[in-house]
Amino acid sequence: MIQIEIDNGSGFCFGVTTAIKKAEEELAQGQTLYCLGDIVHNGMECDRLREMGLITINHDDMRNLHDVKVLLRAHGEPPETYELARRNNIEIIDATCPVVLQLQKRIKKQYETSPDLPKGEGAQIVIFGKKGHAEVLGLVGQTQSTAIVIENFDEVTTLDFTRDIYLYSQTTKSLDEFHRIIDYIQSHISPEATFKSFDTICRSVANRMPNISQFATKHDLILFVCGRKSSNGKVLFNECLRVNPNSHLVEDPQEIQPEWLEGIQTVGICGATSTPRWLMEQCRDAILQMPE
């Protein structure tokens, strides 16, 4: 009999839990509710909320809406979104994660206090994050799109080390890679330039790395359950893969291959901050129902 353990540390983070709760409360009142972008990077959870009545829209859709309610998900939005809502008399249900909101304020304050110099002369506000990611777009928006986004350590060489650098991070990026970037900048920055870094990585995500690493070593097979759009999901899955090569990423129970279970005694099921507990339980049940 295969032994299956679901990681108690996996599942929705605080920000995602709050956003979903707010959506459920509005929908329970029979309200028409729009959500700007997928409320969470998990297709199964989005389908569940869609069945409850949640309507997912994009920014173009929002420009054509008036006198409605729109929920902003945990990732946050740039100032232009709030301005659009004001013009179109849209009521905002703001579910921006408090950690992201605080980061937005810090970046905005830094931008507003930086001297207004011609392009190529002033300080560089740098964000370590995924280009085009919803959270990063919200952060860049605090600087009137002047912030520089670097996705990985290799891109740090593109910075101008003769100018001041203020470094921030998307809340779900790798802490180790962030520190590598800091070390590189510190060793290359001009003596005349200022460099300051701000550790803005969410600990509810960062702390999952050592925990999930330990969990993955305990089992013969690891099933990492998450949507393939999930940014922190990719980071956490790669950590599982590093410590346990017999790790597989699945979006739903249908993707589990019976041959993976051959000769396996223990299975560990874990997931991203965007993975609902019920989906991990469905994966467990699917394995238990497979013929031995």
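Details of the structure are given in the entry above.
Keep in mind it's a predicted model, so treat the numbers as computed, not measured.

Take the nonpolar core next. Core analysis: the biggest nonpolar cluster contains 18 residues, and Leu159, Ile165, Leu167, Ile181 and Ile185 have the highest contact counts within it. For this core, the elements supplying multiple residues, two or more each, are strand 6 (124–128), strand 8 (165–169) and helix 7 (175–188). Counting residues per element, this core draws most heavily on helix 7, at 4 residues. Once residues lying within four places of it in the same chain are set aside, the contact partners of Leu159 are Gln124, Val126, Ile148, Ile150, Ile165 and Ile185.

For the rest of this paragraph, the subject is the sheet that holds strand 7 (residues 148–150). A sheet is described by the order of its strands in space; here 4 strands give the open sequence 7-6-8-9, paired in parallel fashion. The two strands at the open ends of the sheet, each matched to only one other strand, are strand 7 and strand 9 (195–197). Taking each pair of neighbouring strands and ignoring which way they run, the sheet shows an average axis angle of 20°. Bridge analysis of strand 6 against strand 8 gives 5 bridges, and the strand direction is parallel. Pairing of Phe128 across the sheet is with Ser169, part of strand 8. Together, strand 6 and strand 8 form the strand contacts of helix 5 (residues 98–113), whose direction differs from that of strand 8 by roughly 170°. Contacting strand 6, strand 7, strand 8 and strand 9, helix 7 crosses the sheet at an angle of about 175° to strand 8.

Before going further, it helps to spend a moment on empty space enclosed by the protein. Overall, the coordinates contain 1 cavity of 30 Å³ or more when judged by the stated rule. What the largest cavity holds in volume is close to 40 Å³. What lines the largest cavity is simply Asp38, Ile39, Cys46, Leu49, Arg50, Leu54 and Thr56. Broken down by element, the residue count for the lining of the largest cavity peaks at 3 residues, all from helix 2 (residues 43–52).

For residues that are not glycine, phi is negative in most cases, and the peptide bond is trans in most cases. A positive phi is found at Asp67, a non-glycine position, where the angle reads about 60°. Counting through the fold element by element, Asp67 comes out in the loop between helix 3 (59–63) and strand 4 (69–72). A positive phi angle, close to 65°, is found at Ser145, a residue other than glycine.

Calculation notes
- Residues numbered from 1 in each chain as written.
- Predicted model: local features only at pLDDT ≥ 70, side-chain atom pairs only at ≥ 80, totals over all residues.
- Heavy atoms only, no water.
- Core = buried A, V, L, I, M, F, W, Y, C linked by side-chain atoms within 4.5 Å.
- Buried < 20%, exposed > 50% of the residue type's maximum accessible area, 1.4 Å probe, protein only.
- Helix = DSSP H or I, 4+ residues; strand = E, 2+ residues; numbered from the N terminus.
- Contact = heavy atoms within 4.5 Å.
- Pairing = 2+ DSSP bridges.
- Axes fitted to C-alpha atoms, helices over the stretch in contact; angles between N-to-C directions.
- 1 Å grid on protein atoms, 1.4 Å probe; cavity = no way out; pocket = protein on both sides within 12 Å on 5 of 7 lines; lining within 4 Å.
- Points joined across faces, edges and corners; volume = space filled by probe spheres on them.

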